[in-house]
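# Understanding the architecture of this molecule
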Amino acid sequence: MDNSGFITSLATSFLIFIALLALHTLLSRRPGNAQVYYPRKKAKKMAPPYNPGIFSWLREAWSVTEEDIIKQAGLDAAIYMKFLASGT
């Protein structure tokens, strides 16, 4: 069985993922793009989050409470997150 095609596809997908992650990180940090990346916060006159690291969102994702989700994203998002958490 030839795995070279699979390895090539996996490596290509990983490189594209890294490039898109870097592009998203760079674009979301620019103050002029806050209306694209943080429209709800901008509409509520809240400051967009300041994230000093690329993976700082992991800490925020693990520490967010259900009340924070309801306040920021709404009840539908909180129910969806509860549903996803119950599946694991």
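Residues numbered from 1 in each chain as written. Predicted model: local features only at pLDDT ≥ 70, side-chain atom pairs only at ≥ 80, totals over all residues. Heavy atoms only, no water.

Bringing the overall build of the protein chain into the picture now. Within the protein chain one finds 6 helices and 0 strands. Secondary structure elements in the protein chain, listed N-terminal to C-terminal, are α-α-α-α-α-α. The 88 residues of the protein chain split such that 10% are buried. Of all intrachain contacts in the protein chain linking residues separated by at least 6 positions in sequence, the fraction that spans at least 24 positions is 31%. (Helix = DSSP H or I, 4+ residues; strand = E, 2+ residues; numbered from the N terminus. Buried < 20%, exposed > 50% of the residue type's maximum accessible area, 1.4 Å probe, protein only. Contact = heavy atoms within 4.5 Å.)

Roughly 310 Å³ of volume is contained in the second largest pocket. In this structure, the second largest pocket is lined by Ala-61, Trp-62, Val-64, Thr-65, Glu-66, Ile-69, Ala-78, Met-81, Lys-82 and Ala-85. Counting residues per element, the ones that place at least two in the lining of the second largest pocket are helix 4 (56-63), helix 5 (66-73) and helix 6 (75-86). Along the lines of polarity and charge, the residues of the lining of the second largest pocket split into 7 nonpolar, 1 polar and 2 charged. (1 Å grid on protein atoms, 1.4 Å probe; cavity = no way out; pocket = protein on both sides within 12 Å on 5 of 7 lines; lining within 4 Å. Points joined across faces, edges and corners; volume = space filled by probe spheres on them. Nonpolar A, V, L, I, M, F, W, Y, C, P; charged D, E, K, R; others polar.)

Another point: a nonpolar patch on the surface. Residues Phe-14, Leu-15, Phe-17 and Ile-18 make up a contiguous nonpolar surface patch of about 430 Å² in total accessible area. Mapped onto the elements, Phe-14 comes out in helix 1 (residues 4-29). (Patch = residues over 30% accessible without salt bridge, like charges linked within 9 Å, V, L, I, M, F, W, Y side chains within 5 Å. Areas by Shrake-Rupley, 256 points an atom, 1.4 Å probe, with all protein chains shown as cover. Salt bridge = Lys/Arg side-chain N within 4 Å of Asp/Glu carboxyl O.)

On to the packing of helix 5 against helix 6. For the pair helix 5 and helix 6, interaxial distance at closest approach is 7 Å and the crossing angle is 140°. Relative to helix 6, helix 5 is oriented oblique. Contact with helix 5, carried on its side by Glu-66, Ile-69, Ile-70 and Ala-73, involves Leu-75, Ala-77, Ala-78, Met-81 and Lys-82 of helix 6 and no other residues of that element. Classifying every residue of the contact of helix 5 with helix 6 by side-chain character gives 7 nonpolar, no polar and 2 charged. (Axes fitted to C-alpha atoms, helices over the stretch in contact; angles between N-to-C directions. Parallel < 35°, antiparallel > 145°, perpendicular 65-115°, else oblique.)

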